[in-house]
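What follows is each chain in one-letter form.
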Amino acid sequence: ASTKGAVQKVLAVTLGEERQSKLDVCILGDDVSEKKPSPMIYNEARERIGIDKDRCVVVEDSMVGLRAAKAAGMKCIITYTASTEGEDFYGEGADAKVPELGSRKVTLDSI
């Protein structure tokens, strides 16, 4: 639930201009009129990219995000943290649940 301006600054620092320019679409909470768990943000992204929902995979870290992804009819991978690992993500329809990527030393340079 971050503003576009704040996220764009974070993206510029973490991704760098070159990687950021390669994003097909960047839609944030203030780009849509309904917030999660509404599927609006995911449906908007899918429409802008022009692909079927069956080809979409959402990576989320929260129950509300998972609910939004599933309401959009998309597969969802949960990246949990120590504070959320006990939540019943599979019970809510998660397709996969993995530890937060940082704990596995996944970085931009490694992918």
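Residues numbered from 1 in each chain as written. Predicted model: local features only at pLDDT ≥ 70, side-chain atom pairs only at ≥ 80, totals over all residues. Heavy atoms only, no water.

**Focus on the overall build of the protein**
Item 1. When helices and strands are counted, the protein shows 3 helices and 3 strands.
Item 2. The helix and strand sequence of the protein, counted from the amino end, reads α-α-β-α-β-β.
Item 3. Evaluated residue by residue, the protein yields a buried proportion of 26% over its 111 residues.
Item 4. Partitioning the contacts of the protein with sequence separation of at least 6, the portion at a separation of at least 24 is 33%.
Item 5. Carbon and sulfur atoms make up 51% of the accessible area of the protein, which amounts to about 7,300 Å² in all. (Helix = DSSP H or I, 4+ residues; strand = E, 2+ residues; numbered from the N terminus. Buried < 20%, exposed > 50% of the residue type's maximum accessible area, 1.4 Å probe, protein only. Contact = heavy atoms within 4.5 Å. Areas by Shrake-Rupley, 256 points an atom, 1.4 Å probe, with all protein chains shown as cover.)

**Points about the nonpolar core**
Item 1. Y42, V58, L66, M74, C76, I78 and F89 are the most contacted members of the largest nonpolar core, which totals 18 residues.
Item 2. Listing elements by their share of this core, those giving two or more residues are α2 (40-49), α3 (63-71) and β2 (75-80).
Item 3. With 4 residues, the top contributor of residues to this core is α3.
Item 4. Ignoring sequence-local partners within four residues, the contact set of M74 consists of Y42, N43, R46, K53, C56, V58, A69 and D95. (Core = buried A, V, L, I, M, F, W, Y, C linked by side-chain atoms within 4.5 Å.)

**A look at the sheet that holds β2**
Item 1. Taken together, 3 strands build an open sheet; the order of strands is β1-β2-β3 and the sheet is parallel. Both edges of this open sheet fall to β1 (57-60) and β3 (96-99), since each of them pairs with a single strand only. In this sheet, adjacent strand axes meet at a mean angle of 20° when their direction is disregarded.
Item 2. Of the strand pairs in this sheet, β2 and β3 are connected by 4 bridges, and their pairing is parallel. The residue bridging T79 from the neighbouring strand is V98, located in β3.
Item 3. Contacting β1 and β2, α3 crosses the sheet at an angle of about 170° to β2. (Pairing = 2+ DSSP bridges. Axes fitted to C-alpha atoms, helices over the stretch in contact; angles between N-to-C directions.)

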